[in-house]
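Observations on the model geometry
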Amino acid sequence: QVQLVESGGGLVQAGGSLRLSCAASGRTFSAMGWFRQAPGQEREFVAAIFRSTGWTYLADYVKGRFTISRDNAKNTVYLQMNSLKPEDTAVYYCAAVTGVARLNDENQYDSWGQGTQVTVSS
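Let us look at the structure shown here.

What counts, and where the lines are drawn
Residues numbered from 1 in each chain as written. Predicted model: local features only at pLDDT ≥ 70, side-chain atom pairs only at ≥ 80, totals over all residues. Heavy atoms only, no water. Disulfide = S-S within 2.5 Å. Helix = DSSP H or I, 4+ residues; strand = E, 2+ residues; numbered from the N terminus. Buried < 20%, exposed > 50% of the residue type's maximum accessible area, 1.4 Å probe, protein only. Pairing = 2+ DSSP bridges. Phe/Tyr/Trp six-rings, centres within 6.5 Å; stacked < 30°, edge-to-face > 60°. Polar contact = N/O pair within 3.5 Å; in protein donor to acceptor, adjacent residues only side chain to side chain. Contact = heavy atoms within 4.5 Å.

In this structure the tally under the stated criterion is 1 disulfide. Here C22 pairs with C94 through a disulfide, and the sulfurs are 2.0 Å apart. Between C22 and C94 the disulfide shows an S-S torsion of about -80 degrees. By sign, it is left-handed. Of this pair, C22 sits in strand β3 (residues 18–25) while C94 is found in strand β9 (residues 90–97), placing the two residues 72 residues apart along the sequence.

Next up on the list: the pairing of strand β8 (residues 76–81). The element β8 is largely enclosed, with a buried count of 5 among its 6 residues. As paired elements, β3 and β8 share 6 bridges and run antiparallel to each other. When the bridges of β8 are listed, S21 appears paired with Y78.

Before going further, it helps to examine the packing of aromatic side chains. The tally for this structure, following the rule as stated, stands at 7 aromatic pairs. Ring plane angle 55 degrees and centroid distance 5.2 Å describe the contact between F35 and W112, whose orientation is recorded as tilted. Linking F35 in strand β4 (residues 31–37) with W112 in strand β10 (residues 111–112), this pair joins segments that are 77 residues apart in sequence. For F35, a relative accessible area of 2% translates into the label buried. Geometrically, the ring pair formed by F45 and Y57 is tilted, given 5.2 Å between the ring centres and 35 degrees between the ring planes.

With that settled, consider the side chain of T116. Assignment of secondary structure puts T116 in strand β11 (residues 116–121). For T116, a relative accessible area of 12% puts it in the buried group. Among the polar contacts listed, one links the side chain of T116 to the backbone nitrogen of G9, at a separation of 3.4 Å. The residues contacting T116, other than those within four sequence positions of it, are E6, G9, L20, A90, V91 and Y92.

What follows is the structure, given as structure tokens:
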């Protein structure tokens, strides 16, 4: 059974940091990513990473603030979020794909986590 379990969300003040984790089980994925959805808005791409090469892809609005990394031995992906802003407030979802994909396209992903809330206060 494929399962993605996120952790690390919470409440933080603007300028603060959080690190999200996503542990995958049941399958090895070619790439994993993070998306987010704020209230009343569509889900949007945040970051993704290829398992084999470690190549990363980040949305422009998080470049310089967020980094994505992976630990293949643990089948886990991390999203380090620094200099958080109130507009980063959203439910953050981990996603994984088994084949080659356009990493910023949520429709390409096979599996999803349940989401973790990130709230940034001003």
